[in-house]
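What the coordinates show
Take a look at the letters that make up each chain.
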Amino acid sequence: MGVLEEWRKIKYTETFEQELRGLSRRRLADPLCKVEDLEGILKALYINNGADWGGRGDVQDIILAATIAAYEHFIAEWKRGKSHTIL
């Protein structure tokens, strides 16, 4: 794996884990937070992802992809009855 691919993988993983921690904290701290709220945010992230006309850049593309993946993962786990306690 080249240096270019390595920094991308590191940034993706870092962002994915950071988002999971944030979502976990939100779920624990906000009793009004519902899975539907997170699905609404995910929908907005999908729209944002599709709205790029080539000007976002590699770093922002990686961050957005990792953020979307984290939301998808967290929501799926929540619906399966599994809780995240990543702090």
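Keep in mind that what you see is a predicted model, and the values were worked out from it rather than measured.

Calculation notes
Residues numbered from 1 in each chain as written. Predicted model: local features only at pLDDT ≥ 70, side-chain atom pairs only at ≥ 80, totals over all residues. Heavy atoms only, no water. Helix = DSSP H or I, 4+ residues; strand = E, 2+ residues; numbered from the N terminus. Buried < 20%, exposed > 50% of the residue type's maximum accessible area, 1.4 Å probe, protein only. Contact = heavy atoms within 4.5 Å. Areas by Shrake-Rupley, 256 points an atom, 1.4 Å probe, with all protein chains shown as cover. Phe/Tyr/Trp six-rings, centres within 6.5 Å; stacked < 30°, edge-to-face > 60°. Expected span 1.5 Å × (residues − 1). Axes fitted to C-alpha atoms, helices over the stretch in contact; angles between N-to-C directions. Parallel < 35°, antiparallel > 145°, perpendicular 65-115°, else oblique. Left-handed = near helix turned anticlockwise from the far one by under 90°. Polar contact = N/O pair within 3.5 Å; in protein donor to acceptor, adjacent residues only side chain to side chain. Salt bridge = Lys/Arg side-chain N within 4 Å of Asp/Glu carboxyl O.

The helix and strand tally for the chain stands at three helices and zero strands. For the chain, the α and β elements follow one another from N to C terminus as α-α-α. Looking at the chain residue by residue over its 87 residues, the buried ones come to 25%. Taking all contacts inside the chain whose residues are at least 6 apart in sequence as the whole, residues at least 24 apart take part in 75%. Here the chain displays about 5,800 Å² of accessible surface, and carbon together with sulfur accounts for 57% of that area.

What follows concerns the packing of aromatic side chains. In this structure the tally under the stated criterion is two aromatic pairs. With centroids separated by 6.4 Å and ring planes inclined at 10°, the aromatic side chains of Tyr-12 and Phe-16 adopt a geometry described as stacked. Residue Tyr-12 and its partner Phe-16 are located together in helix 1 (residues 3-29), separated by four residues, close to a single helical turn. Ring plane angle 85° and centroid distance 6.1 Å describe the contact between Phe-74 and Trp-78, whose orientation is recorded as edge-to-face. Within this pair, Phe-74 and its partner Trp-78 are both found in helix 3 (residues 58-79), separated by four residues, close to a single helical turn. For Phe-74, a relative accessible area of 1% translates into the label buried.

Before going further, it helps to examine helix 3. Its 22 residues give helix 3 an end-to-end C-alpha distance of 32 Å, which sits within 8% of 32 Å, the value for a rise of 1.5 Å per residue. Those residues of helix 3 that sit buried are Ile-62, Leu-64, Ala-66, Thr-67, Ile-68, Ala-69, Ala-70, Tyr-71, Phe-74, Ile-75, Glu-77 and Trp-78. At its buried positions, helix 3 is contacted by helix 1 and helix 2 (35-50). Once helix 3 ends, the next one or two residues include Gly-81, with phi positive near 85°.

So, about the packing of helix 1 against helix 3. Closest axis-to-axis distance for the helix 1/helix 3 pair is 8 Å, and the angle between their directions is 40°. Taken together, helix 1 and helix 3 sit at an angle that is classed as oblique. The two elements helix 1 and helix 3 cross, and the hand of that crossing is right-handed.

Mapped onto the fold, Thr-15 is located in helix 1. Relative accessible area serves as the criterion here: at 5%, Thr-15 is assigned to the buried category. Of the polar contacts made by the side chain of Thr-15, one reaches the backbone oxygen of Lys-11; its length is 2.9 Å. If we skip the residues at most four places from it in the chain, Thr-15 touches Ile-63, Ala-66 and Thr-67.

Summed over all chains, the structure comprises four salt bridges. Notably, a salt bridge pairs Arg-8 with Asp-58, separated by 3.0 Å at the nearest N-O pair. Here Asp-58 lies in helix 3 and Arg-8 lies in helix 1, a separation of 50 residues in the sequence. Residue class for Asp-58 comes out partly exposed when judged on its relative accessible area of 43%.

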